[in-house]
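# Overview (structure and organization)
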Amino acid sequence: MSLTSAHSVVAPSATSKRVAGTIIVLYALISIVPLLWIFATSFKTPPDSIAYPPKILFQPSLEGYCNLFSTRTRQTPEYINSLGPATGVCDETVRKRNMVIAGPSNFMPRFINSLIIAFGSTFCAVFLGTLSAYGFSRFKVPLADDLLFFILSTRMMPPIAVAIPIYLMYRELGLSDTALGMILLYTAVNVSLAVWLLKGFIDEIPREYEEAAMIDGYTRLQAFWRTVLPQATTGIAATAIFCLIFAWNEYAFAALLTSGTAQTAPPFIPTIIGEGGQDWPAVAAGTTIFLVPILVFTILLRKQLLRGITFGAVRK
Amino acid sequence: MTEAGLTMLNRTADSVARATPEPLARKVRGISDKGLAWLFISPTILLLLAINIFPLFWAIYLSFTNYRANRPNEVVRNVGLANYKRILGDQDIWIAMQTTAHFVFWTILLQTLIGFTLAWLIDRKFRGHAFWTTIILVPMMLSPAVVGNFWRFLYEPQIGLFAYAISFVTGIPATQIGMLSNVSLAPWSIVIVDTWMWTPYVMLICLAGLRSIPEYIYEAAEVDRASNWRQFWSITLPMALPFIMLAVLFRGIENFKMFDMVNLLTGGGPGSTTEVASITLKRQAFESWRTGYSSAFAIILFVAVFGLANIYVKALNKVKQR
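Because the structure is predicted, anything quoted here is derived from the model rather than measured.

## So, the overall build of chain A
Looking only at helices and strands, chain A features 17 helices and 4 strands. Over its C-alpha atoms chain A spans a radius of gyration of 26 Å, topping by over 25% the 20 Å that the globule rule assigns to 316 residues. Each principal axis of the C-alpha atoms in chain A carries an extent, and together these give about 85 × 65 × 40 Å. Taking all 316 residues of chain A together, 45% fall into the buried category.

Below is the structure:
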């Protein structure tokens, strides 16, 4: 009883809670407006998107998504009238602007590149990172602190500074504008994060588990496989998502080292243009599709976020 | 370089093997613990040597030459320290460094102030605080490039939402609010977007700091009848300080390297008013193709980040020990 009353002495008062809650909710709502605006713009027609004053209420349209996935050519009304009935929503929308769909745009290939490169590099980084983290956590590695610091310090270089020699190196090796080259590069960038995070997670698994398994006749490798890995699943999953988000969001290397076949979505989205300037609904549509996976991951990760963004330095 | 790297690696592996304690080092199916340690760690080290360290040494070599990547067949001349001397005397580089300093200073100041305040408020644990915290965290997870590109739209003088909101509040006509075209406003346009994006980051770390303060300290302060004001300045702030400093370190390094968001939002313009160091580096390296010169600049930037970060970490450790 005395404990609870002592507690209530320092607990914030109801008024202060209400004030704090109001300010936080206001901040959250204001900070989320740009994202809601992207989402809303993706369902606007191009004239609606550039209306003054900015339109909050509008007739939703799929034109942005249609323009994102297709390339179009302008035709005369006579020609369009001579065509058969429209085959789909996009066909119909586009014809209203005196245009016909000429073919698919580059968005899908770029999006698929993003998927391949993000998942490929994440798999490699987590694989290498788990092995190294286990090594650093369980074996007496000489100069372990120096090696760990070396691994971290590779993260401090400005990406453009790294990109200059990488650009030359990839040109020599024929890795320019290839998915393999980007996977290697992102793996190298992400492996430092993976080692630091996973070492923290593996350090938390008691050594006794493996030792017991080894006394039971497992080899060190089997003990690692059967006792440590299953225990580290949460940590490995969280690390993987962090690596995935980095690779997914990365722009500097992608913009400088890829231009065509291996280009990812972030350098592609800003290049979407319509007639007479940037086609904002299409850009918004691309941005929305690109951001949705990240929103899902953020919600999944919210308990591990702190650890991830501080390289495991703060664990709560 | 490759040879030197391999020897270094072999030596590391050797000492790994020697240092692993004897009882653990039993042979199992041909792989000893020593062997396993080396097998587990070396792929990572090899990859980093190939993709990070080798290019770094290459960049150091290039920084002493007049090499130009767009003319690979031209004879490469060793120019000694000429590139470094020219950088230190280059007016444009100094302007870029000032732009970077302005950007880093204001973003960190604003993010720390707002981030700490938000964390302090969230720590009241009002109802629903977990949900709203997650909402606040969203901007920092997004791609800075894609977000920078979209803020260009929000900043448009007439049709943009930002300009409209400002004119709604202040009464200044929306057509006159050219955040990206006005020379004196443009440097603030990048500060605003970065603050919007990364304040949650500082907030999250500060929140961890506040939650790490044991409650009994406050209870003792209550017993001593210390005022709320006094408690804040002599308990809350000093005990959260290492966390705040950690957040500042991470944000400082990141913003010193800032490229993606600024490149897409302003591209360094108008003129060179928002040309932070990384943008200058990109222009020199990939537009003017002065590879040797830009490599020297890259090395200077890297040494600066590395040096400043090291000094800062020493200070941080001192604060932690107090």
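Next comes the rest of the description.
## Here we look at the nonpolar core
In terms of nonpolar packing, the biggest core is built from 167 residues, with A161 of chain A together with C206 and A298 of chain B touching the most fellow members. Counting residues per element, this core draws most heavily on helix α10 (residues 179-203) of chain A, which supplies 16 residues. Once you skip the residues sitting within four places of it in the chain, A298 of chain B turns out to touch P158, I160, A161 and I164 of chain A together with A59 and L281 of chain B.

## Remarks on the UniProt feature "transmembrane region" (unreviewed entry) in chain B
Residues and elements named next belong to chain B. According to UniProt, the "transmembrane region" (unreviewed entry) feature falls on residues 36-61, 103-122, 128-147, 159-179, 185-210, 231-253 and 293-313. Helix makes up 100% of residues 36-61 and strand 0%, and the two end C-alpha atoms of the span are 36 Å apart. Spanning residues 159-179, this segment combines 48% helix with 0% strand, and its end C-alpha atoms are found 13 Å apart.

## Side note on the domain arrangement of chain A
Residue and element names in this part refer to chain A. By the assigned domains, chain A splits into domain 1 (62-105) and domain 2 (108-309). A separation of 40 Å is found between the C-alpha centroids of domain 1 and domain 2. The interface is formed by 7 residues belonging to domain 1 together with 9 residues belonging to domain 2. For the side of domain 1 that touches domain 2, the class distribution of residues is 4 nonpolar, 2 polar and 1 charged.

## So, the UniProt feature "transmembrane region" (unreviewed entry) in chain A
The UniProt record annotates "transmembrane region" (unreviewed entry) at residues 20-40, 111-135, 147-170, 182-202, 223-248 and 280-301 of chain A. The span residues 182-202 of chain A is 100% helix and 0% strand, and its two end C-alpha atoms sit 29 Å from each other.

## Some remarks on the UniProt feature "domain: ABC transmembrane type-1" (unreviewed entry) in chain B
Summarizing the sequence annotation, UniProt attributes the feature "domain: ABC transmembrane type-1" (unreviewed entry) to residues 97-312 of chain B in the numbering used throughout. Between the C-alpha atoms that bound residues 97-312 of chain B the distance is 19 Å, and the span itself is 75% helix and 0% strand.

## A few points about the interface of chain A and chain B
Accessible area lost upon the coming together of the parts serves often as the stated size of an interface. Counting residues at the interface gives 84 residues for chain A and 82 residues for chain B. Looking at the side of chain A that touches chain B element by element, the count peaks at 16 residues for helix α2 (residues 14-41) of chain A.

Cut-offs used in this document
Residues numbered from 1 in each chain as written. Chains lettered and ligands numbered in written order. Predicted model: local features only at pLDDT ≥ 70, side-chain atom pairs only at ≥ 80, totals over all residues. Helix = DSSP H or I, 4+ residues; strand = E, 2+ residues; numbered from the N terminus. Rg over C-alpha atoms; globule rule 2.2 N^0.38 Å. Buried ≥ 20, exposed ≤ 12 C-beta atoms within 10 Å, placed from the backbone. Core = buried A, V, L, I, M, F, W, Y, C linked by C-beta atoms within 7 Å. Contact = placed C-beta atoms within 7 Å. UniProt positions renumbered as here; feature names shortened; annotations may be inferred. Domains from an automatic or database assignment. Nonpolar A, V, L, I, M, F, W, Y, C, P; charged D, E, K, R; others polar.

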